[in-house]
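Structural overview
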Amino acid sequence: MFGACSTSYNISGTSMRSFCDGDMVYLRPLGGDDTKAVDSCKILHGAFSMCGPVDSVMCVRMFFGNGGDNIPIILEEGNIKVIDLNNAMKVEGTPLNDKFYAFMTERDSLMFMLQELPRKQTRMILDGFEEDEILRQLGEEEGSLRMAIDKLETDFVVDNFDNVLGVTYFLVLCDNAYNQFGFPTTTPQIDEIYGRAPDTFRNNKDVRLYMERCERGE
């Protein structure tokens, strides 16, 4: 009993405004909302909390209510806080959650700038810029932003080869490649990361399975 309490996760947070008292909060392994819940609780008086032993650090998703709204969370020892930011939610309080959400904040900022380029194009047209100048300038900006995102993601995985963050985000990149091309494949970014990875990373069962599927051309 005392041993379990010494290595436990303690999650506390406030509900998003679209959820009400009595709605459920679920922790589910990566894989979707139909997987068996690791833990669950009800929202009471606008807040929720749950705790349990940590056998091994894992990345899960926290689902709110019966819909698909969810956020990633690293289930690790310590006091984990889920903070309602009105239009988004943030997790903090433990080392890996702090590291992951700092990375996601930086990535989201770069993605926002990338998504703003069409609006910038419209403004430049209205301001009388020549088409060639618009294409040149926005093309350079888009290239720089995509390179920055690629480097940020690559560095994040490499810097976390030794923990669950590296494997989890590498598999996100693999899933993105699969969804883009419609079959298991790699990208130059995936190949670079895998080429730099230690054996402990390559031998992760999910990493090994995806790369073997790529080799077989399934």
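See the structure above.
I will try to describe carefully the structure that is included in this document.

Calculation criteria
- Residues numbered from 1 in each chain as written.
- Predicted model: local features only at pLDDT ≥ 70, side-chain atom pairs only at ≥ 80, totals over all residues.
- Heavy atoms only, no water.
- Phe/Tyr/Trp six-rings, centres within 6.5 Å; stacked < 30°, edge-to-face > 60°.
- Helix = DSSP H or I, 4+ residues; strand = E, 2+ residues; numbered from the N terminus.
- Buried < 20%, exposed > 50% of the residue type's maximum accessible area, 1.4 Å probe, protein only.
- Lys NZ or Arg CZ within 6 Å of the ring centre and 35° of its normal.
- Pairing = 2+ DSSP bridges.
- Axes fitted to C-alpha atoms, helices over the stretch in contact; angles between N-to-C directions.
- Contact = heavy atoms within 4.5 Å.
- Core = buried A, V, L, I, M, F, W, Y, C linked by side-chain atoms within 4.5 Å.
- Expected span 1.5 Å × (residues − 1).
- Arc of directions from axis to C-beta.
- 1 Å grid on protein atoms, 1.4 Å probe; cavity = no way out; pocket = protein on both sides within 12 Å on 5 of 7 lines; lining within 4 Å.
- Points joined across faces, edges and corners; volume = space filled by probe spheres on them.
- Nonpolar A, V, L, I, M, F, W, Y, C, P; charged D, E, K, R; others polar.

Once that is clear, we can look at the packing of aromatic side chains. Applying the stated criterion across every chain yields a total of 10 aromatic pairs. Summarising the aromatic geometry, the rings of Phe-103 and Phe-156 are spaced 3.9 Å apart at their centres and angled 10° between planes, so their arrangement reads as stacked. With Phe-103 in helix α2 (residues 95-115) and Phe-156 in helix α4 (residues 131-159), this pair connects stretches of sequence that are 53 residues apart. Across the pair, Phe-156 and Phe-103 agree in class, each one buried. Between the aromatic rings of Phe-156 and Tyr-169, the centroid separation amounts to 6.0 Å while the plane-to-plane angle is 85°, which identifies the pairing as edge-to-face. Placement of the pair is Phe-156 in helix α4 and Tyr-169 in helix α5 (residues 164-181), with a sequence separation of 13 residues. Through pairs of rings, three or more aromatic residues link up here, namely Phe-100, Tyr-101, Phe-103, Phe-156 and Tyr-169. Between the NZ or CZ atom of Arg-28 and the centre of the ring of Tyr-26, over which it lies, the distance is 4.7 Å. Cation over ring: Arg-202 sits above Tyr-194, and NZ or CZ is 4.4 Å from the ring centre.

We now examine the sheet that holds strand β4 (residues 47-53). The strand order across the open sheet built from four strands is β4-β1-β7-β8, with neighbouring strands paired in mixed fashion. Of all strands in the sheet, those with a lone pairing partner are β4 and β8 (89-92), marking the two edges. Across the sheet, the mean angle separating the axes of adjacent strands is 15° when strand polarity is ignored. As defined by bridge partners, strand β1 (residues 8-14) adjoins strand β7 (residues 78-84) across five bridges and the pair is classed as parallel. Residue pairing in the sheet places Gly-13 in a bridge with Val-82 of β7. Across the face of the sheet, α2 comes into contact with β7 and β8 while running at roughly 140° to β8.

Generally speaking, nonpolar side chains in soluble globular proteins are found buried as a group. Within the largest apolar cluster, 56 residues are counted, with the highest numbers of intra-cluster contacts made by Ile-11, Leu-27, Phe-48, Met-62, Ile-73, Val-82 and Phe-170. Beyond its immediate sequence surroundings of up to four residues, Ile-73 is in contact with Ile-11, Leu-27, Met-58, Cys-59, Val-60, Met-62, Ile-80, Val-82, Val-91 and Asn-97.

Turning next to the sheet that holds strand β2 (residues 24-29). If you walk across this open sheet you meet the four strands as β3-β2-β5-β6, and the pairing is antiparallel. Lying at the two open borders of the sheet, with one neighbouring strand each, are β3 (39-42) and β6 (70-75). Shown here is a sheet whose adjacent strand axes are inclined to one another by a mean of 25°, direction ignored.

With that out of the way, let us pick up helix α8 (residues 205-216). In this model α8 runs 16 Å from its N-terminal to its C-terminal C-alpha over 12 residues, within 8% of the 16 Å that 1.5 Å per residue would give. Those residues of α8 that fall on the buried side of the exposure criterion are Val-207, Tyr-210, Met-211 and Cys-214. Take α8 and look down its axis: the buried residues cluster within an arc of 95°, on one side only. Turned more than 90 degrees off the buried face of α8, the exposed positions are Lys-205 and Arg-216.

If you add up the space inside the largest pocket, you get close to 1,300 Å³. If you trace the largest pocket, you find 39 residues lining it, with Leu-30, Cys-59, Arg-61, Thr-168 and Val-172 closest to the centre. The set of elements that each furnish at least two residues to the lining of the largest pocket consists of β5 (58-64), β6, β8, α2, α5 and α8. Of the residues that constitute the lining of the largest pocket, the class distribution is 22 nonpolar, nine polar and eight charged. In this structure, the second largest pocket spans a volume of roughly 340 Å³. Considering the residues around the second largest pocket, the lining is formed by 15 residues, among which Arg-146, Ile-149, Asp-150, Glu-153 and Gln-189 are closest to the centre.

Turning our eyes to something else, we now look at the side chain of Thr-168. Looking at the secondary structure, you find Thr-168 in helix α5. A relative accessible area of 15% places Thr-168 in the buried class. Beyond its immediate stretch of four places on either side in the chain, Thr-168 contacts Leu-30 and Cys-59.

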